[in-house]
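Structure assessment
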Amino acid sequence: MIGFIFSEDFLLSSVMFALPIVFAAFAALISNRAGIVNINIEGSMSVAAVCGTLVSHFTNSWVLGLLTAAAVGVLMSLLLALAALRLRTDSFLSGIALNTLATGLSVYVLYAVLGVKGDSSAAAAVAIPKISIPVLRDIPVIGKLLFDQSVLFYVAILAAIFLSFLLRRTKLGTEIKATGFNPAVAESVGIRTRVVKVKALIICGVFAGLGGAFLSMSYLQYFSAGMVAGRGFIGIAAEAMGLGSPWRTAFFSLLFGAVDYFSVGAQTVLTFPYELLNTLPYLMTIAALVIYAVINKNKKEK
Amino acid sequence: MSGYIEMRGITKVYPSGVVANKNVNLSIEKGEIHAIAGENGAGKSTIMKVLYGAEKADGEIFLDGRKVSINSPRAAGALGIGMVYQHFMLVGQFTAWENIFFGIEEKNALGVLKKKEMIRRAEELCEKYDMHVDLTARAADVSASTAQKIEILTVLARGAQLLILDEPTAVLTPQETEQLFGQLRLLKKSGYTIIIITHKLKEIMALCDRVTIMRQGENVGVYNISDVSEAEISRLMVGRDVQMKVDKEKAQPGEALLTVTDLTVRGKGGRNAVSGVSFSAHRGEILCIAGVEGNGQREVVRSVCGLNRKYTGEIRFGGVNVAGMKIRKIRKLGLSHIPEDRMTTGCNTAASICDNLIALDYAENSRLGFLKTKKLRERSCGQIADYGIKGTLNQKIGMLSGGNMQKVVVARELDSDPALIVADQPTRGVDIGAIETIHKRIVAMRDAGKAVILVSADLAEVFSLADRIIVFHDGEITADITDVSSVDEVQLGRYMLGLERMEVQHG
């Protein structure tokens with residue numbers, strides 16, 4: 001058991017399990033910083049996953065598949081923007097509606113294209129490749145962790161750098177933060193907060209799309225209904241724990257990824273009902289959010 | 001007539017039908033400090049918001065003789081007009097320099113910020129106008145006077161030539177006010193034009209060159225300060241002679257009704273908001289808690305009134321320890337509380353005047369769950385007449401002006417037959433006429449043998465009402481003044497800033 005947790009395999013698998021959560025968390029981060037809650041990250045990932053894997057299959061190109069997934073993520077985000085910002089509905093309720101829509105839409109796309117409802121394993125995608133650097137990858141422990149990973153692993157690191165630079169050092173970042181913190185003040189200096197929110201949602205959509213693509217084009221090479229399995233929501237929880245900082249958010253995503261993997265991997269080393277093990281990531285999410293709420297409450301009282 | 005700013009025939013009618021400005025003409029000369037004086041609801045803020053583009057109205061505006069249309073604050077900014085609101089428009093999580101350059105950031109072609117450049121320019125501004133602020137402090141962490149300086153710098157950084165300040169001294173101590181006036185005079189010397197909205201007569205006399213007086217949405221006169229007296233201005237503002245000084249006999253303090261012993265309340269960041277404070281409030285006496293906002297007064301009031309239960313020390317009310325008691329129970333003991341913020345805790349803005357008036361005792365005035373409507377409505381009608389509330393029984397209280405809303409709160413709290421009245425900023429943002437009413441009522445309560453605790457940041461109010469003053473600074477009592485006539489505003493200010501400390505006798 002201890003050996004299992006401290007194995008190289010556990011570390012590598014945790015990172016792999018963490019990747020979709022990281023993208024979901026970054027998606028949540030950028031929209032939350034702009035003050036618009038997007039709880040449809042789960043749904044966006046799902047629709048992006050199915051579209052990405054199918055395009056990859058039919059075009060024989062993982063690049064086109066990945067770009068499609070990102071574009072579909074943006075489209076899903078724009079649907080929320082349309083509802084919440086243009087038609088002025090409640091963003092939370094619209095998010096719930098879009099999630100429900102996405103569940104059906106992803107299966108609908110699958111059925112419309114392949115005529116099946118369960119999964120697209122009959123039309124396997126061209127997988128997103130690994131970047132493997134000779135020599136460096138042979139360094140013990142960190143070699144495989146840092147120099148022998150899926151393209152999306154490096155994209156995630158670039159995304160974290162991008163986000164922290166965006167928020168700290170750019171005009172758009174300043175506008176996003178101000179819109180989230182105090183929209184009235186932002187408006188008073190002539191910032192159109194709705195436009196800022198749309199921009200944030202577009203970035204949010206790209207991340208959600210990448211998260212979906214990882215699941216159906218890297219982790220597996222096909223889409224299966226329900227494969228996002230709450231990772232969009234877990235990402236939102238990880239973001240909440242990260243308190244708006246990209247690096248902290250990435251760290252908590254990694255933690256959630258480890259628990260996620262543990263719930264699967266431990267089944268081989270533990271004599272414990274796997275149904276219960278499978279609940280771990282979700283229990284952890286609840287526990288994390290409770291801790292987060294308590295910390296926040298104490299902060300406010302101080 | 002060709003002033004710097006000419007506003008002609010400005011008429012503003014709000015959708016609710018309230019006429020805020022009636023055919024107002026206003027003329028501002030370049031390089032003057034001009035006061036817009038008037039009671040609350042006189043339309044002085046409205047006319048300034050029209051000039052700043054935050055409100056649309058009928059009429060014409062001329063700048064340097066040229067007709068301009070100002071549709072938004074942005075347009076006003078482009079014409080060199082900037083406004084500092086009473087409620088600061090700062091992003092609390094941003095630093096001072098980030099706020100100063102917010103929206104006008106220096107950046108390269110890629111949108112990357114030039115941080116060093118901006119800090120350097122901010123420092124230059126501070127230096128030039130003698131406003132020293134810590135540019136890297138977060139706006140949420142600085143004092144009100146610093147926040148105000150940041151606001152002024154923000155407006156200056158945008159190249160404003162005309163500064164409009166809305167009640168700028170409401171949150172300042174006498175010393176800070178003096179400092180602000182010094183800075184404003186410096187700005188005037190540098191060629192800026194300044195308009196301040198205020199109802200504080202002393203400040204108009206001390207700072208301004210001219211005053212425009214407004215009443216009920218109309219301009220009732222423009223005067224050179226040298227040609228007019230305080231009394232005249234106040235008469236024009238109210239439309240009748242106002243008694244500026246509250247008539248009251250010497251207090252006849254009775255037994256101690258509320259005793260607070262060694263009260264400590266934890267505050268932000270683990271520091272004590274209130275540390276080891278002891279005092280008592282006596283029947284027949286108005287005890288005034290003075291201090292710059294945020295020095296522990298709020299926490300003391302919240303603890304006494306049962307809104308905060310996390311404290312150490314003891315609070316006894318009529319001999320009963322109130323620790324852990326529910327608010328309703330403490331109120332049953334005879335507490336009434338006029339909260340500092342009428343909009344959030346003082347009343348339910350979505351409910352009617354009548355509903356707000358009966359909020360304390362509707363339960364006692366009902367049978368089998370049904371309200372004794374007739375009785376309650378009759379009583380409420382009486383209160384509306386009694387306190388001169390301009391409104392009707394079923395009108396939503398949120399529609400009333402600040403002064404009238406406050407009168408509703410005061411009526412409810414004072415008519416509940418209390419033994420102790422905690423009045424927290426009872427006249428903040430209330431016009432002179434209503435202040436007079438509220439002050440008279442408070443003194444009448446004292447004369448009827450009630451204990452009164454008055455929390456006020458307004459020194460004029462402190463001096464006209466208090467029988468005894470305790471001054472708070474940084475969670476401690478720096479002075480306990482039993483002979484109010486023995487101190488002046490300057491001395492009180494020194495206690496408020498913690499520059500000086502009186503030997504405090506407890507009890």
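Residues numbered from 1 in each chain as written. Chains lettered and ligands numbered in written order. Predicted model: local features only at pLDDT ≥ 70, side-chain atom pairs only at ≥ 80, totals over all residues. Heavy atoms only, no water.

1. A closer look at the overall build of chain B
Operational definition: Going along the chain from the N terminus, every DSSP run of H or I of four or more residues is numbered as a helix, and every run of E of two or more is numbered as a strand. Based on C-alpha atoms, the radius of gyration is set beside the globule rule, defined as 2.2 Å times the residue count to the power 0.38. For each residue, the accessible area found with a 1.4 Å probe, counting protein chains only, is set against the maximum for its type, and the residue is called buried under 20%, exposed over 50%, and partly exposed in between. Whether two residues touch is decided by their heavy atoms; if any such pair falls within 4.5 Å, the residues are in contact. Using a 1.4 Å probe, accessible areas were evaluated by the Shrake-Rupley method; residue-level cover was limited to the displayed protein chains. Positive charge is attributed to Lys and Arg, negative charge to Asp and Glu, and no charge count is given to His or to the chain ends. Charged groups are reduced to one reference atom each: NZ for lysine, CZ for arginine, CG for aspartic acid, CD for glutamic acid.
Per the secondary structure count, chain B includes 17 helices and 22 strands. Its C-alpha atoms give chain B a radius of gyration of 24 Å, near enough to 23 Å, the size a compact globule of 507 residues would have. Along the first, second and third principal axes, the C-alpha atoms of chain B reach 65 × 50 × 50 Å. Looking at chain B as a whole, 52% of its 507 residues are labelled buried. Within chain B, counting contacts between residues at least 6 apart in sequence, those at least 24 apart form 66% of the total. A total of about 22,300 Å² of accessible surface is found on chain B, and carbon and sulfur atoms cover 49% of it. Each charge class in chain B can be summarised by its mean position, and for the 65 positive and 63 negative side chains these summaries are 6 Å apart.

2. Observations concerning the pattern of salt bridges
The line we're drawing: Whenever a carboxyl oxygen of Asp or Glu lies within 4 Å of a side-chain nitrogen of Lys or Arg, that contact is scored as a salt bridge.
For the structure on display, the rule yields 30 salt bridges over all chains. E105(B) is the salt-bridge partner of K171(A), the closest N and O atoms lying 2.6 Å from each other. Placement of K171(A) in helix α8 (residues 171-181) and of E105(B) in the loop between α3 (96-100) and α4 (115-128) is noted, with the two residues assigned to different chains. In this structure, K171(A) and E105(B) share a single accessibility class: buried. Here D480(B) ties to R468(B) by a salt bridge, and the two come within 3.2 Å at their closest N and O atoms. With D480(B) in strand β22 (residues 476-481) and R468(B) in strand β21 (residues 468-473), this pair connects stretches of sequence that are twelve residues apart. No difference in accessibility class separates D480(B) from R468(B), as the two residues are buried. Three or more residues are tied together by salt bridges with common partners; here these are K248(B), R446(B), D447(B) and D467(B).

3. Side note on the sheet that holds strand β4 (residues 58-63) of chain B
Residue and element names in this part refer to chain B. Quick note on the threshold: A pair of strands is treated as paired once DSSP finds two or more bridges between them. Axis lines are fitted to C-alpha atoms, over the contacting stretch for helices. Their N-to-C directions set the angle, which ranges from 0 to 180 degrees.
Pairing is antiparallel across the open sheet formed by four strands, whose spatial order is β2-β1-β4-β5. At either end of the open sheet lies a strand with only one pairing partner, and these are β2 (19-28) and β5 (66-68). On average, each strand axis in the sheet is tilted by 25° relative to the strand beside it, whichever way the strands run. The pairing of β4 with β5 spans three bridges and is antiparallel. When the sheet's bridge partners are listed, L63 is paired in β5 with R66. Packing against the sheet, helix α1 (residues 44-51) makes contact with β1 (5-13), β2 and β4, and its axis sits at approximately 115° to β1.

4. Some words on the confidence of the model for chain B
Inclusion rule: Confidence per residue, as judged by the predictor, is encoded in pLDDT with a range of 0 to 100.
Across chain B, the average pLDDT comes to 89, with 97% of residues at 70 or higher. At the low end of the mean pLDDT range in chain B sits helix α11 (residues 342-346) of chain B, at 83; at the high end sits strand β7 (residues 162-166) of chain B, at 95.

5. Topic: helix α13 (residues 373-386) of chain B
Owing to its 3.6 residues per turn, the α-helix aligns residues three or four sequence positions apart on the same side. All names here are of chain B. Selection rule: Multiplying 1.5 Å by the residue count of a helix minus one yields the expected span of that helix. It is the directions from the helix axis to the C-beta atoms whose arc is reported.
An ideal rise of 1.5 Å per residue puts 20 Å on 14 residues; α13 measures up with 20 Å between its terminal C-alpha atoms. The complete set of buried residues in α13 reads L376, S380, Q383 and I384. What you see down the axis of α13 is that its buried residues fit within an arc of 100°, all on one side. Projecting away from the buried face of α13 at angles above 90 degrees are the exposed residues K374, E378 and A385. Positioned one or two residues after α13, G388 has a phi angle of 65°, which is positive.

6. Describing the interface of chain A and chain B
Convention followed: Throughout, buried area stands for the accessible area (probe radius 1.4 Å) lost by two parts on being put together, summed over both. The definition of a polar contact used here is a pair of N or O atoms within 3.5 Å, where within protein one atom must be able to donate a hydrogen and the other to accept one, and adjacent residues in sequence count solely through side-chain atom pairs.
Taken together, the 19 residues of chain A in the interface contact 23 residues of chain B. For the pair chain A and chain B, the summed buried area comes to about 1,800 Å², and 63% of that belongs to carbon and sulfur atoms. Between the two partners, chain A and chain B, sit one salt bridge. Connecting chain A to chain B are six residue pairs in polar contact (both at pLDDT 80 or more).

7. Some points on the pairing of strand β14 (residues 312-317) of chain B
Side chains on a regular strand alternate between the two faces of the sheet. Residues and elements named next belong to chain B. Summarising the sheet, strand β11 (residues 256-266) and β14 pair through five bridges and their orientation is antiparallel. Considered in β14, the bridge of L258 is made with F317. Alignment of β14 against strand β15 (residues 320-321), held across two bridges, turns out to be antiparallel. Its bridge partner being in β15, F317 is matched across the sheet by V320. The loop that links β14 with its antiparallel partner β15 comprises two residues; one of these, G318, has a positive phi angle of about 55°.

8. Structural notes on the packing of helix α3 (residues 41-59) of chain A against helix α5 (residues 91-114) of chain A
All names here are of chain A. Let me state the cut-off plainly: Angular relationships are summarised with four words: roughly parallel below 35 degrees, roughly antiparallel beyond 145, roughly perpendicular across 65 to 115, and oblique for the angles in between. Left-handed describes a crossing whose near helix is turned anticlockwise from the far helix by less than a right angle; the clockwise case is right-handed. Gly is placed with the polar residues, together with every amino acid not listed as nonpolar (Ala, Val, Leu, Ile, Met, Phe, Trp, Tyr, Cys and Pro) or charged (Asp, Glu, Lys and Arg).
Following both chains from N to C, one finds α3 and α5 inclined at 15°, their axes separated by 7 Å at the closest point. Put simply, α3 runs roughly parallel to α5. Seen from above, α3 lies across α5 with left-handed handedness. For the pair α3 and α5, contact is made by E42, G43, S46, V47, V50, C51, L54 and F58 and by N99, A102, L105, S106, V109, L110, V113 and L114, respectively. The residue inventory of the contact of α3 with α5, partitioned by class, reads eleven nonpolar, four polar and one charged.

9. What to know about unusual backbone geometry
Residue and element names in this part refer to chain B. Not every positive phi belongs to a glycine, and D262 is a case in point at roughly 55°. Examined against the element boundaries, D262 turns out to sit in strand β11. The backbone phi angle of Q425 is positive, close to 45°, even though this residue is not glycine. Along the chain, Q425 falls in the loop between β19 (420-424) and α15 (432-447).

10. Focus: a nonpolar patch on the surface
Residue and element names in this part refer to chain A. Cut-off, in case you're wondering: Residues form patches when they are more than 30% accessible in relative terms and have no salt bridge. Like charges link within 9 Å. Nonpolar side chains (Val, Leu, Ile, Met, Phe, Trp, Tyr) link within 5 Å.
A cluster of nonpolar side chains, L11, I131, I133, L136, I139, V141, I142 and L146, forms an exposed patch at the surface whose accessible area comes to about 560 Å². In this structure, I142 sits in helix α6 (residues 142-147). Overall, I142 belongs to the partly exposed group, its relative accessible area being 40%.

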